[in-house]
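Close look at the chain arrangement
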Amino acid sequence: MKIVMLEPLGVSEEKVMKMAKPFLDAGHEFVYCGKPVGSEEEKKELAREADVLIIANSPLSADVIDAARNLKMISVGFTGVDHVDMETCRKRGVVVCNAQGYATDATAEMTLTMMLACLRNVVPYDGIVREGGRLQGFSHNTLKGKNVGIVGTGAIGRRVAELVKAFGCNLLGYDVAKSPEAMELGVTYAELDELFAKSDIVTMHAPLLESTRKLASRERIALMKKTAILINCARGPLVDSEALAEALNEGRIAKAGIDVYEMEPPIPADHPLLHAKNVILTPHVAFYTEESLALRVGIVCDNISAWMAGHPINVK
């Protein structure tokens, strides 16, 4: 079989090829990709003879999938698969597997970082010190005792719950299915409107589906406390960015920490959050640690091995 990487996985070629050695030893072809593939035409050409494709978080369109005439399986080095044309995969009978779990700790830790940075004004104070300033009139708050509303109590949401519980927070949760593990951690489930209204910090951890777009809607953002913080290290379209920017600029909520957007960075110069007050912006890096990237290469290869053996794992 021919296995083709269409984009880098964030680790060295040496590490990738070490993980790919069992495929080579078994007589399969493995095509390494060291830099992002630019155009759709380049993707089509590389994918044309592939039996298996490896991608991370760049879009995989119906045109590319259809151009890969031998395609049978896609191993996605990412948790979400909304960037893959799943309808075309279903029609073609292409198995799609994700790298679920590779960035659970990394994303949860970034979420906690955003919370603490917002509560303690880390970013503005960095600028003040560099300009020769000192203590200013910011409000400072501790994380202990805060009501943290977790929207989506899957693996990452539950890990966030564990971390903030250690700080002495009260845990609210929302999900379509209540998690027994989350409830054991002390999460009290609530309807979304109630969660947004009661929480001091709302953090988004839901998958991106048609039903989850703009879960943090204009109406729900309007329910938040004036002192509240909104964190999104999950998927950009979960939040109405324009409504969030307006709420921040008008002082209707206190702060936000945003790692994800409606598109992959760089985001356009007219994006509303670029011109909003009291928001920390990072370029979709919550998942990005040396440890998590090494882990995802292993999961990507394990997905392929399991599929070849006839018992696929992490199927979406």
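See the structure above.
Residues numbered from 1 in each chain as written. Predicted model: local features only at pLDDT ≥ 70, side-chain atom pairs only at ≥ 80, totals over all residues. Heavy atoms only, no water.

**Considerations on the sheet that holds strand 1 (residues 2-5)**
Sheet strands line up and pair through hydrogen bonds in the backbone, either parallel or antiparallel. Pairing is parallel in the open sheet, where 5 strands are placed in the order 2-1-3-4-5. The strands lining the two open edges of the sheet, one partner per strand, are strand 2 (29-31) and strand 5 (95-97). Sheet twist, expressed as the mean angle between neighbouring strand axes with direction ignored, is 15°. Pairing geometry for strand 3 (residues 52-55) and strand 4 (residues 73-76), over 4 bridges, is parallel. Across the sheet, residue I55 finds its bridge partner in strand 4, namely V76. (Pairing = 2+ DSSP bridges. Helix = DSSP H or I, 4+ residues; strand = E, 2+ residues; numbered from the N terminus. Axes fitted to C-alpha atoms, helices over the stretch in contact; angles between N-to-C directions.)

**Some remarks on the pairing of strand 4**
Neither face of strand 4 is left uncovered, since the one carrying M73 and S75 and the one carrying I74 and V76 both have all their residues buried. Handedness of the strand 3-helix 3 (residues 62-67)-strand 4 crossover: right-handed. Note that strand 4 and strand 5 share 3 bridges and pair parallel. If you follow S75 over to strand 5, its bridge partner there is C97. Of the crossover connections in this fold, the one passing from strand 4 over helix 4 (residues 86-92) to the parallel strand 5 is right-handed. (Buried < 20%, exposed > 50% of the residue type's maximum accessible area, 1.4 Å probe, protein only. Right-handed = clockwise from strand over helix to strand, strands pointing away.)

**Considering the sheet that holds strand 8 (residues 188-189)**
The parallel open sheet is built from 7 strands, whose spatial order is 8-7-6-9-10-11-12. Unpaired on one side and paired on the other, strand 8 and strand 12 (279-281) mark the two borders of the sheet. The pairing of strand 6 (residues 147-151) with strand 9 (residues 201-204) spans 4 bridges and is parallel. Within strand 9, the position partnered with I150 by the bridge is T203. In the packing of helix 7 (residues 155-166) onto the sheet, contacts are made with strand 6, strand 7 (170-174) and strand 9, and the angle to strand 6 comes to roughly 170°. (Contact = heavy atoms within 4.5 Å.)

**Some remarks on the nonpolar core**
Counting 46 residues, the largest nonpolar core has L53, L60, I74 and V84 as the members making the most contacts within it. Counting only elements with at least two residues in this core, the list comes to strand 1, helix 1 (13-25), strand 3, helix 3, strand 4, helix 4, strand 5 and helix 12 (290-308). The element that contributes the greatest number of residues to this core is helix 12, accounting for 7 residues. Dropping the residues within four chain positions of it, L53 is found in contact with V4, L6, A47, L60, L71, M73, I74 and S75. Of all hydrophobic cores here, the second largest spans 31 residues; its members include A206, L215, L230 and I267. (Core = buried A, V, L, I, M, F, W, Y, C linked by side-chain atoms within 4.5 Å.)

**Here's the deal with helix 2 (residues 40-47)**
Three or more residues of helix 2 are buried, namely K43, K44 and A47. For helix 2, the arc enclosing every buried residue in end-on projection is 100°, short of the 170-degree limit, so these residues lie on one face. Across from the buried face of helix 2, at angles greater than 90 degrees, the exposed residues are E41 and E45. Those residues of helix 2 hidden inside the fold are in contact with strand 3 and helix 3. (Arc of directions from axis to C-beta.)

**Some remarks on the pattern of salt bridges**
Taken as a whole and judged by the stated rule, the model has 18 salt bridges. As a salt-bridge pair, R90 and E87 come within 3.5 Å of each other at their nearest N and O atoms. Of this pair, R90 and E87 both sit in helix 4, 3 residues apart, which is roughly one turn of that helix. Residue E87 is classed as partly exposed on the basis of its relative accessible area of 41%. Sharing partners across several salt bridges, the network here consists of D105, R159 and E162. (Salt bridge = Lys/Arg side-chain N within 4 Å of Asp/Glu carboxyl O.)

**Focus on the packing of helix 1 against helix 12**
Two numbers describe how helix 1 lies on helix 12: the axes approach to 10 Å, and their chain directions differ by 10°. It follows that helix 1 is roughly parallel to helix 12 by the angle criterion. Only V297, G298, C301, I304, S305 and M308 of helix 12 make contact with helix 1, whose side of the interface consists of V16, M19 and F23. Split by residue class, the contact of helix 1 with helix 12 holds 7 nonpolar, 2 polar and no charged. (Parallel < 35°, antiparallel > 145°, perpendicular 65-115°, else oblique. Nonpolar A, V, L, I, M, F, W, Y, C, P; charged D, E, K, R; others polar.)

**A word on helix 1**
With 13 residues, helix 1 should cover 18 Å at 1.5 Å per step; its first-to-last C-alpha distance of 17 Å lies within 8% of that length. The axis of helix 1 is deflected most strongly, by about 45°, at M19, and proline P22 appears within four residues downstream. Along helix 1, the residues that are buried comprise V16, A20 and F23. Where helix 1 is buried, its residues contact strand 1, strand 2 and helix 12. A positive phi of about 95° marks G27, the residue just after helix 1. (Expected span 1.5 Å × (residues − 1). Bend = angle between axes of the 7 residues up to and from the residue.)

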